[in-house]
Amino acid sequence: MSSLSKDLSFLILQFLDEGKLKETVHQLEQESGLFFNVKYVEDLVLSGQWDIVEKYLSGFTKVDDNEYSMKIYFEIRKQKYLEALDKHDRAKAVDILVNDLKVFSSFDEDLFNDLTCLLPLDSFREKEMLACYRDAKSARTIMMVELKKLIEANPIFCEKLQFPEITRSRLRTLINQSLNFQHSLCSNPKQNPDVTLFVDHTCRQSDESYPQLNFSDPLMVSPERTEGFLPRATYGVRPFYNPSQPTPVPVQMPFPASIVNPSNVTHPIPLGGSVSLLSTTNPAPLLNCPGGSEDVLRTRPIGISDRITLPVNTGQSQSHVPTFKISDGLPKTVGRTLNQGSSVMSMDFHPVLQILLLVGTSVGDIVLWDVVSQEKLVSRNFKVWDIGTCSMTLEAALIKDPCVSVNRILWSPNGALFGVAYSKHIVQLYFYYGGNDFQQNLELDAHAGSVNDIAFANPKKQLCVITCGDDKIIKVWDVVTGAKKYNFEGHEAPVYSVCPHNLENVHFILSTSVDGKIKRWFYDILGPMVDCEAPGRCCTKMAYSTDGKRLFSCGTSKYGESFVVEWSEDGVVERVYQGLGKYSSDVIQFDTSKNRFLVVGADFSIKCWDMDNVNLLTSIDADGDLTASPRIRFSKDGMLLAVSANENRIKILGNAYGLWLLRSYESNVGLRTLPKTGTTKLKTRNDETEEVRVTEISGPSQLRSLKLPVQEKADKILRLTYTNSGTAVLALASNAIHLLWKWKQNNDNSSGKATTKVSPQLWQPPSGIMTNDVTDAKPEEAVPCFALSKNDYYVVSASGGKISLFNMQTFKTMTTFMSPPPAATYLIFCPQDNNIIAVGMDDSTIHIYKARVDEVIIKLKGHCKRITGLVFSHALNLLVSSGADTQIITWNCRKWERQCSRFIQIPAGMTTSAVLDTQVHLHQDQMHFLSVHATQLAIYKVKRLQSLKQWTIGESSAPITHATFSCDSNLVYASFQDGSVCIFSASILQLRYRIKPTSYLPPDAR
């Protein structure tokens, strides 16, 4: 639901509530799911109206949505069950048990059995746990307290518990303002007009009639506080006033209190700003624009002028009339000028850090600009990385003519990688780690002759780079290995551009050649499926709108005639945009923005169209001095526009928000391009460089450590973890035995938690040591692993053989299962159900095992090497997996389907087998996780696998061996192969402390 639709729903809720239509209010709350009325639920609970409570809840959440929702439903149904038992209505109690409570048995069978055991009792108060139950009224009150806690903690109810602050009768006020506004535009306004809400108001002649609504109606009473109306143009409503009509005769308005003269409006609303129906003031054009100008302005019909004038009759001479332009959302004002130094050939803004601009030049240079500070963060000249691996043809071409130009430079979708296509054979791919740090990844001798274009795509959920060139071939390459995956041949002329896309999960590539041919290629089909011609058989490029629903092309024929057109998916030209000059000596460039604008660099200017209107919207000269056919590029959200100018300069244009953004970053340097985390220098607010203080801990006196007592049988410790209660440490040794150290609660340790102040006890019950089955194990290939249940009652463990399930209280082996091969390499309990265990295997599969029925309910396939990490996010119902293939995948836990994936980018030169394991650890908020690799630490969003922060090791640093969050997720602890331990702030992965092995290891152990 769009932002304005939500606002309208809230206004309707307020209107109904003021009209005392309570049942309708709650029905709309439930059906819209926008506002959860806790007070209404409390009234229902206290009065025991359980069916209505559940019906209301169902509009917001289901039983199995998450753990909080499950507990809410369980508490309600349990109370209903206990009340039936208390009334000795066993038939009803049985019905509740079978139909309502049975669903929870799959999650906790013991609890369901306990509830069943209450049926034959004369009074359930005989049970100790229910002895304090007094009566239904007091029990409902106590339960409601718990329900409120569960509701507030449930992420599903986030932002749904607070009704927005709205002035009284806001909907009535808006309608009143609208009618007053409509009346102000009448050519012959009456003093006492008849009004209806069913059609737009006009003052009709005496012989016309429609249903009447007199101004004495309460709906039309002017509010006590009126701060103006929002112009209808702002909402994208087609204006009924036609500027070509005669100017209305000024008359005295009958209700001046509700009309604001435009001359008094001191802050007209830019079209890029956000609009709210809930506010009575016009907001400034700042940060939040959800569904704003895009949703609003696309509704303007084709052919309607972009200039909308709002006249108002005041009874005096007509005053200044404010105007609003659709083109106001375009970046038109020069905010920065960059001196590149050589002719610009290609540009691309970073998809996340949109103040970073990559530039490729005619002499082969690549430059990364910070457009705020106008600083070159990195500048590289063209160089073949490994001439020995290049073809003889490339060597000969470089000897004959060493001059190389950049044809295309492009970021990958997440900004972790970028590619450069050169005019001679070569494509180079770089990793980007933030700030001024990018490193070589792959160099491809891609095509014979010029490489004309590159693009990134994710066919079959794997990131690839697509290239095309003068050899008339399109190639698809794996960005990790550099292997060629697809080869498409069929063009009869050099391929000029490629445009990958997917519709309904069907991936394909559109390509154009210099003879004007357009072809569509599918990855699993050798030949092209669509073959058509560009208008004028011109050399053209294609691009989709931001939402991927509309396709455009722009190009120039060999006779200098240029075309900008929109295509249907069937290869038919739907629109030909007018306004280009008659001749161009170069192929013109274009870009799209906000699903709304088309811009072209032509005729020493930037020409702009609304996508829905073939007529030219406006031209931007950017203060003049542009090249004849300037290169142009929008930032991802369309706030900034880079355009090439004479004297090898680049102008950065901004709209109102873009210019504000530049100023904001300029005054907050810390928000800008932080250097790679892990370095020791950061920029301050004064744009000065200062050392980041990293505390070095090198001596035993600087910390407190404790060596845990061990027994003779113990071998090398391979796995180690705290229990969930924090009172013990569990370890798994290489000889498959488990060790458990427990801290006692006493005067020296009142909390009983793990501490260095008190030595723990190596605990071993009479039943013996927990030892894994290694009958079928291959010791040289075994990957020991274990996992604790949420309540610390059970541990599941493996050392290359069968998986063992132990009772942590008695150390007894409860069962063994899953004989190798394949062998388990990672284990984790489902946090919502201890009976479900996710098992990562050495054959790259993930088995979802149900302990209660001793069977694998599903096998998940997606990795190509062994599983190295698993975490459950029960808040999002997702499983995150990592593998030795450096891939991270998320899986939907309801349907056990693959949701999304991405690869960890390994820095160039670090390719040994020792660095291939990737670990994952969940943040306390369940929305983020830590990725750990020998070369790097990174924080990701669980839902989209979006990389937020990254820290990579230096060239001289030892590899990372392990890392994890602190218990509150505020810190990250990382160990290194040289024995050092580093502590980072988790929010920005900034190094704070470095603990050297000399501080905790005795001299003979270093």
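This is a predicted model, so every value here is computed, not measured.

Calculation criteria
Residues numbered from 1 in each chain as written. Predicted model: local features only at pLDDT ≥ 70, side-chain atom pairs only at ≥ 80, totals over all residues. Heavy atoms only, no water. Helix = DSSP H or I, 4+ residues; strand = E, 2+ residues; numbered from the N terminus. Buried < 20%, exposed > 50% of the residue type's maximum accessible area, 1.4 Å probe, protein only. Contact = heavy atoms within 4.5 Å. Areas by Shrake-Rupley, 256 points an atom, 1.4 Å probe, with all protein chains shown as cover. Core = buried A, V, L, I, M, F, W, Y, C linked by side-chain atoms within 4.5 Å. Axes fitted to C-alpha atoms, helices over the stretch in contact; angles between N-to-C directions. Parallel < 35°, antiparallel > 145°, perpendicular 65-115°, else oblique. Left-handed = near helix turned anticlockwise from the far one by under 90°. Patch = residues over 30% accessible without salt bridge, like charges linked within 9 Å, V, L, I, M, F, W, Y side chains within 5 Å. Salt bridge = Lys/Arg side-chain N within 4 Å of Asp/Glu carboxyl O. Lys, Arg positive; Asp, Glu negative; His and termini not counted. Charge placed at Lys NZ, Arg CZ, Asp CG, Glu CD. Pairing = 2+ DSSP bridges.

Trainee: Mind showing me how you'd approach the overall build of the protein chain here?
Mentor: Along the backbone of the protein chain there are 12 helices and 57 strands. Looking at the protein chain as a whole, 51% of its 1006 residues are labelled buried. Put simply, 51% of the contacts in the protein chain that link residues at least 6 apart link residues at least 24 apart. Accessible surface, the protein chain as shown: approximately 47,100 Å² in total, 50% of it carbon and sulfur.

Trainee: What is the right way to look at the nonpolar core in this model?
Mentor: For soluble globular proteins, the rule of thumb is that nonpolar side chains tend to be buried together. Residues F36, V45, L57, I72, Y81, L101 and L118 are the most contacted members of the largest nonpolar core, which totals 39 residues. Secondary-structure elements contributing two or more residues to this core are α3 (38-46), α4 (50-58), α5 (67-86), α6 (90-101), α7 (109-116) and α8 (136-153). For this core, the element with the most residues is α5, which contributes 9 residues. When residues no more than four places from it in sequence are discounted, the contact partners of L57 are F36, I72, Y73, I76 and F157. Formed by 22 residues, the second largest nonpolar core is a distinct cluster that contains L368, V378, W411 and I426.

Trainee: What exactly am I supposed to notice about the packing of α5 against α6 here?
Mentor: In the contact formed by α5 and α6, the axes pass within 8 Å of each other and the chain directions differ by 165°. When the axes of α5 and α6 are compared, the pair comes out roughly antiparallel. Relative to α6, the crossing made by α5 is left-handed. Contacts between α5 and α6 involve F74, R77, K78, K80, Y81, A84 and L85 from the first element and K92, A93, I96, L97, D100 and L101 from the second.

Trainee: Would you take a moment to explain a negative patch on the surface for this structure?
Mentor: A contiguous patch of negative charge on the surface is contributed by E780, E781, D842 and D843. Looking at the secondary structure, you find E781 in the loop between β37 (761-763) and β38 (785-788). Since its relative accessible area comes to 53%, E781 is described here as exposed.

Trainee: What should I look at first to understand the sheet that holds strand β56 (residues 981-985) in this one?
Mentor: Note on sheets: strands pair through backbone hydrogen bonds, and any given pair is parallel or antiparallel. Ordered in space as β33-β57-β56-β55-β54, the 5 strands form an open sheet in which the pairing is mixed. A strand with exactly one partner marks an edge of an open sheet, and here the two such strands are β33 (695-697) and β54 (960-965). Averaged over all pairs of adjacent strands, the angle between strand axes in this sheet comes to 20°, irrespective of strand direction.

Trainee: It is not clear to me how the sheet that holds strand β5 (residues 356-361) should be interpreted in this structure. Could you clarify?
Mentor: Strand order in the open sheet made by the 4 strands is β4-β5-β6-β7, with antiparallel pairing throughout. Because the sheet does not close on itself, it has two edges, and the strands there are β4 (344-349) and β7 (375-380). Pairwise comparison of adjacent strand axes, ignoring direction, gives a mean angle of 20° for this sheet. Bridge count for β5 against strand β6 (residues 366-370) is 5 bridges, and the pairing is antiparallel. Within β6, the residue paired with L357 across the bridge is W369.

Trainee: I keep staring at the pattern of salt bridges and nothing clicks. Help me out?
Mentor: A side chain with one charge may pair with a side chain of the opposite charge, provided their charged atoms come close. What the rule picks out here adds up to 25 salt bridges. A salt bridge links K424 to D401, with the shortest nitrogen-to-oxygen separation between them at 3.7 Å. A residue pair is termed long-range when its members are at least 10 positions apart, and K424 in the loop between β9 (417-422) and β10 (426-432) and D401 in the loop between α11 (392-400) and β8 (406-411) qualify at 23 residues. A relative accessible area of 12% places K424 in the buried class. Exposure remark for D401: the relative accessible area of 34% places this residue in the partly exposed category. A single salt-bridge network, built from bridges that share partners, covers R550, E566, R575 and D612.

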